[in-house]
Amino acid sequence: MIEFRSKVVTTTIMDPREDFARKVIETEIRYDPLTGESGRLAHFGMIKPQKEDFSSWDTPENRSRCPFCPPNIETATPRFPPEQLPEGHLHRGETTLLPNISPYDQFSALAVISRDHVVPLEKLSPRLLKDAFGAGLEFFRIMAAKKTMLPYQIISWNYMPPSGGGIVHPHQQVILSDSPGNLLRKTLENSKRYYLAYRQSYWKELCRTEKERGERFIGELERSCWLTAFAPLGVLGEFLGIFSEVHTIFDVDEAVVDELVNGLERLFRYFYSADIYSFNMGLFFAPEGAEEYFSLHVRVIPRIFLNPIQKPPDVNALQMVLQEPFTVVHPEKQCAELKLFW
Ligand SMILES: [Zn+2]
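Here the residue numbering is sequential within each chain, running from 1 through the sequence in written order. This being a predicted model, a pLDDT of at least 70 is required before a residue's local features are given, and a value of 80 or more before pairs of side-chain atoms are given or counted; all residues contribute to the totals for chains, interfaces and linings.

Student: Please give an account of the overall build of the chain that cites residues and values.
Tutor: Numbering goes from the N terminus for both helices and strands, where a helix is a DSSP run of H or I of at least four residues and a strand is a run of E of at least two. When its secondary structure is counted, the chain shows eight helices and 14 strands. In terms of overall size, the chain behaves like a compact globule, its C-alpha atoms giving a radius of gyration of 21 Å where 342 residues would be expected to give roughly 20 Å. Its C-alpha atoms give the chain principal-axis dimensions of about 70 × 55 × 35 Å. Comment: burial labels come from other C-beta atoms within 10 Å of the residue's own C-beta, placed from the backbone, where a count of 20 or more is buried, 12 or fewer is exposed, and between is partly exposed. In the chain, which comprises 342 residues, the share counted as buried stands at 37%. In the chain, 65% of the contacts between residues at least 6 apart in sequence involve partners at least 24 apart. Atoms considered for the radius of gyration are the C-alpha atoms alone. The globule rule reads 2.2 Å times the number of residues to the power 0.38. Contact criterion: two residues are in contact if their C-beta atoms, reconstructed from the backbone, are within 7 Å.

Structural data, given as structure tokens:
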């Protein structure tokens, strides 16, 4: 019932690299199996990630200007009003959760993950990640207990500058909203439509179908399956971790957080080996009432500068003006590479 639709179009050039011989170049247009939205696979081999040296960023001067570095975090960041959180900040291990001084929404918190200013991928330890997700979840539960819950809970993350992260000190966005944003809205609407049409959860079906086909099925853990997306949202692809039997924030216990972190750590080891050092992440929980058709899932989208000299971002007119993602790698090839880290 899940369809992986795509079409290949071609263009012909007289190629200067081969003495102006005739050359046919393919572009594949793929349609997301849930939303039907298109994206393209093109430009193969033209963009390669390159490692950055972070040590130069971690200077006393940079740390003294960073609002998230101790001791600034106590004096330069806002606190929650006492009716929301009497302690002002929420602490869990090294993580401090605080309100965003420039909020995007009614409840727009930040989980400052570490005390260290710069945490490269290989140092994003399971302990740090568990504390960060744990703090976000605790915030949602506190708000729920105070009856200030809004329907949508999302944890997002811009890790390192290519991802759009303005402060290199690692921090996640902990969002509680009645406006889900376009991607979650479309995902919810289409998951419901799928459920009403087939009386089955799209997310369970996706895991089952991808496992059967094997092309994009990276592997599974006790209660989650991990895939490369058929129609990725990023230039270097998109990765999905789906917990098909886990739904709302109240279903997410310590074992689920452990498994989420376990899956992410495997993905990060692959990123490290592939010189990917920046990504966007979204962790989506089912709103109340959507348990039958929506599952907890994480999307991780690598981000890069298109070249290390001018550092152009990998989001340009295609994504901004046409709202059309393009990807320069094959999800199926990436999946094969990733299996070695599973
Ligand atoms: Zn800092």
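Student: Give me the lowdown on the pairing of strand β11 (residues 239-243), citing residues and values where you can.
Tutor: Within β11, five of the five residues are buried, leaving the element largely enclosed by the surrounding structure. Alternating positions in β11 separate into two faces, Phe239, Gly241 and Phe243 on one and Leu240 and Ile242 on the other, with burial throughout. Following DSSP output, two strands are said to pair if at least two bridges run between them. Across four bridges, the pairing between strand β10 (residues 225-228) and β11 is antiparallel. Of the residues in β11, the one forming a bridge with Leu227 is Leu240. Note that β11 and strand β13 (residues 296-302) share five bridges and pair antiparallel. By the bridge assignment for β13, Ile242 is matched with His297.

Student: Outline the nonpolar core, supporting the account with residue identities and numerical values.
Tutor: As used throughout, a nonpolar core is a set of buried Ala, Val, Leu, Ile, Met, Phe, Trp, Tyr and Cys residues joined through C-beta atoms within 7 Å of each other. Grouped together as the largest cluster of nonpolar side chains are 77 residues, with contacts concentrated most on Leu97, Ala109, Ala111, Phe139 and Val174. In this structure Ala111 touches Thr95, Leu97, Ala132, Ala135, Gly136, His171, Gln172 and Val174, once residues within four positions along its chain are discounted.

Student: Account for the sheet that holds strand β12 (residues 279-284), naming residues and giving values.
Tutor: Ordered by their spatial adjacency, 10 strands build an open sheet running β4-β5-β6-β8-β7-β12-β13-β11-β10-β9, and the pairing between neighbours is antiparallel. Of all strands in the sheet, those with a lone pairing partner are β4 (90-92) and β9 (217-220), marking the two edges. On average, each strand axis in the sheet is tilted by 15° relative to the strand beside it, whichever way the strands run. Sheet strands touched by helix α6 (residues 254-273): β10, β11 and β13. Its angle to β11, the strand with the most contacts, is close to 165°. Lines fitted to C-alpha atoms define the axes, with helix axes restricted to the stretch in contact, and inter-axis angles between N-to-C directions lie between 0 and 180 degrees.

Student: Run through the environment of Tyr277, naming residues and quoting values.
Tutor: Inspection of the secondary structure assignment puts Tyr277 in the loop between α6 and β12. Sequence spacing of Tyr277 and Tyr159 is 118 residues, and the spatial spacing of their C-alpha atoms is 8.2 Å. What Tyr277 contacts, discounting residues up to four positions off in sequence, is Lys51, Glu52, Pro120, Leu121 and Met160.

Student: Would you mind going over the sheet that holds strand β3 (residues 38-41) in detail, with residue names and values included?
Tutor: If you walk across this open sheet you meet the four strands as β1-β2-β3-β14, and the pairing is mixed. This sheet does not close on itself; its edge strands, each paired only once, are β1 (6-15) and β14 (326-327).

Student: Can you lay out unusual backbone geometry for me, pointing to particular residues and giving the numbers?
Tutor: The linkage connecting Pro70 with the following residue, Pro71, adopts the cis geometry, with an omega of 0°. Considering the arrangement of structural elements, one finds Pro71 in the loop between α1 (60-65) and α2 (72-75). For Asp19, which is not a glycine, the phi torsion comes out positive at approximately 55°. With 7 C-beta atoms packed within 10 Å, Asp19 lands in the exposed category. Positive phi, normally seen in glycine, also occurs at Met160, with a value near 75°. Positionally, Met160 belongs in the loop between β7 (152-159) and β8 (171-177).

Student: Can you break down helix α8 (residues 331-339) residue by residue, with the values?
Tutor: Among the residues making up α8, those that are buried are Pro331, Gln334, Cys335 and Leu338. The buried residues of α8 occupy an angular sector of 105° when projected down its axis, which confines them to one face. Of the surrounding elements, those touching the buried residues of α8 are β9, β10 and α6. This arc describes the spread of directions from the helix axis toward the C-beta atoms.

Student: Could you give an account of the packing of helix α3 (residues 126-145) against α6, with specific residues and numbers?
Tutor: Direction vectors running N to C along α3 and α6 enclose 130°, while the axes themselves pass 10 Å from each other. The pairing of α3 with α6 is recorded here as oblique in orientation. The element α3 and its partner α6 pack so that their crossing is right-handed. In this structure, α3 uses Pro126, Leu129, Lys130, Phe133 and Gly134 to contact α6, whose residues at the interface are Val257, Asp258, Leu260, Val261, Leu264 and Glu265. Three categories are distinguished: nonpolar for Ala, Val, Leu, Ile, Met, Phe, Trp, Tyr, Cys and Pro, charged for Asp, Glu, Lys and Arg, and polar for the others, with Gly belonging to the last. When its residues are assigned to classes, the contact of α3 with α6 shows seven nonpolar, one polar and three charged. Small angles under 35 degrees read as roughly parallel and large ones over 145 as roughly antiparallel, with 65 to 115 read as roughly perpendicular and the rest as oblique. Should the near helix be turned anticlockwise from the far one by less than a right angle, the crossing is left-handed, and should it be turned clockwise, the crossing is right-handed.

Purely geometric numbers; function is a separate question.
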